[in-house]
Amino acid sequence: MVRDITDIEQINACFHQQTLNRMVAVGNLAFADFSLFITREYNLFCIVMTDDAFGEIRRDGSILEYGRDSIFSIRPGQKLHVKPDPGLSPRGMMLAFSPELLVKTGLGRDFYMFNFFDFDKPEAVTLSSSQRELMIDCFGAIRSELNNPEDNLSGHILRLCISRLLSYCKRYFERKFEEQGRQHSDISQRLDKLITNYISSGMAQQKGLPTVSWCARQFNLSANYFGSLVKQEFHITAQEFIHQKLIESARAMLSNQNYSISEISESLGFAYANHFTRFFTNKVGMTPSEYRKG
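Note that the coordinates shown come from a computational prediction; the quantities given were computed from them, not determined experimentally.

Chemist: Mind showing me how you'd approach the packing of aromatic side chains here?
Modeler: The way to describe two aromatic rings as a pair is by their centre distance and the angle between their planes. This model, assessed by the stated rule, comprises 19 aromatic pairs. Each ring, one from Phe45 and one from Phe111, has its centre 5.0 Å from the other, and the planes form 65°; the classification is edge-to-face. Here Phe45 is found in strand S4 (residues 45-50), whereas its partner Phe111 is found in the loop between helix H2 (106-109) and strand S10 (125-126), with 66 residues between them in sequence. Neither residue differs from the other here; Phe45 and Phe111 are each classed as buried. Aromatic side chains Phe111 and Phe117 sit 5.7 Å apart centroid to centroid with 25° between the ring planes, which places their arrangement in the stacked category. One aromatic cluster in this structure is built from Phe45, Phe97, Phe111, Phe114, Phe116, Phe117 and Phe173.

And the structure:
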């Protein structure tokens, strides 16, 4: 059974602590109630720093590779499940904040920079000792501000403290996945080959049309982040790129008289031949039969 964590009150209840701000909380994992570790769908942004491994962590069903001095993120809509090892107690820190914190604020304006929340790589980032000290300082600054008497600068300072922590996270995530970034530079070749193989291998015939979500999973990325990479590389949407590849494959098959329109439709992943005909006509300006004759 999945229990949603929808607000800061629920997070603080898991840590047995008072709610000091309805949009932000910092918790010590050593004081967390076991209920935090059942399958949860989070509707909050979270940064988790672990002192050491304490069991199996699954994020959206995939096992997360983490260990000593690791950090990983959770974004709204993601599910987390922890299966603690017997005799091991969780230790570390957790920052949670509501998407509401970003509304009409400087942090919200600049939040596009923190795209590491969209990374779906199955491993956490391992911190050096100096990086860990900086992160501890950031968690401490946020907690200190939460405990300060509220005044007209409280919200501003709190967001600055969170922005500082997220900025360090961005640096560490980008350094960790620098090689991944270099791989993205040849995304055109990799994506082209991925979709070509999907069609030629018969997967399209078995599973249907290739989707943006399916392609993103092959890159270990969220659909949104994958889409932004494709847009940056090709100046078209990921869906448009897939459609172009389908048309390219359809043209090649139509040049071979041995394939019927129905067979081509099925090979590309269309459920019905008339759907393929309508799609092809919309993209090319003529029906598949007209294209074959021409």
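Picking up after the structure, the text goes on.
Chemist: Quick question: what am I supposed to make of the sheet that holds strand S6 (residues 62-63) here?
Modeler: As a general point, the strands of a sheet are linked pairwise by backbone hydrogen bonds and lie either parallel or antiparallel. Taking strand neighbours across the sheet as the criterion, the 5 strands line up as S1-S3-S8-S5-S6 in an open arrangement whose pairing is mixed. Two strands close off the open sheet at either side, each with one partner strand: strand S1 (3-5) and S6. Pairing geometry for strand S5 (residues 55-59) and S6, over 2 bridges, is antiparallel. By the bridge assignment, Arg58 is partnered in S6 with Ile63.

Chemist: Looking at this model, I keep getting lost on the layout of surface pockets. Mind explaining?
Modeler: Computed from the structure, the largest pocket encloses a volume of approximately 290 Å³. Lining the largest pocket are 15 residues, with Arg59, Asp60, Ser62, Asp120 and Leu221 positioned closest to its centre. Counted as a void, the second largest pocket has a volume near 230 Å³. Of all elements in the fold, only helix H3 (129-147) and helix H4 (154-176) reach the threshold of two or more residues within the lining of the second largest pocket. If one sorts the elements of the lining of the second largest pocket by residue count, H4 sits on top with 4 residues.

Chemist: Please clarify how the nonpolar core should be interpreted in this entry.
Modeler: When a protein is soluble and globular, its nonpolar side chains tend to lie buried together. Of all hydrophobic cores here, the largest spans 68 residues; its most connected members are Phe97, Met135 and Phe226. When neighbours within four sequence positions are excluded, Met135 is seen to be in contact with Ile47, Met49, Ile71, Leu127, Leu165, Tyr168, Cys169 and Tyr172. By size, the runner-up hydrophobic cluster in this structure holds 25 residues, among which are Ala25, Leu36, Phe37 and Val82.

Reading guide: rules and limits
Residues numbered from 1 in each chain as written. Predicted model: local features only at pLDDT ≥ 70, side-chain atom pairs only at ≥ 80, totals over all residues. Heavy atoms only, no water. Phe/Tyr/Trp six-rings, centres within 6.5 Å; stacked < 30°, edge-to-face > 60°. Helix = DSSP H or I, 4+ residues; strand = E, 2+ residues; numbered from the N terminus. Buried < 20%, exposed > 50% of the residue type's maximum accessible area, 1.4 Å probe, protein only. Pairing = 2+ DSSP bridges. 1 Å grid on protein atoms, 1.4 Å probe; cavity = no way out; pocket = protein on both sides within 12 Å on 5 of 7 lines; lining within 4 Å. Points joined across faces, edges and corners; volume = space filled by probe spheres on them. Core = buried A, V, L, I, M, F, W, Y, C linked by side-chain atoms within 4.5 Å. Contact = heavy atoms within 4.5 Å.

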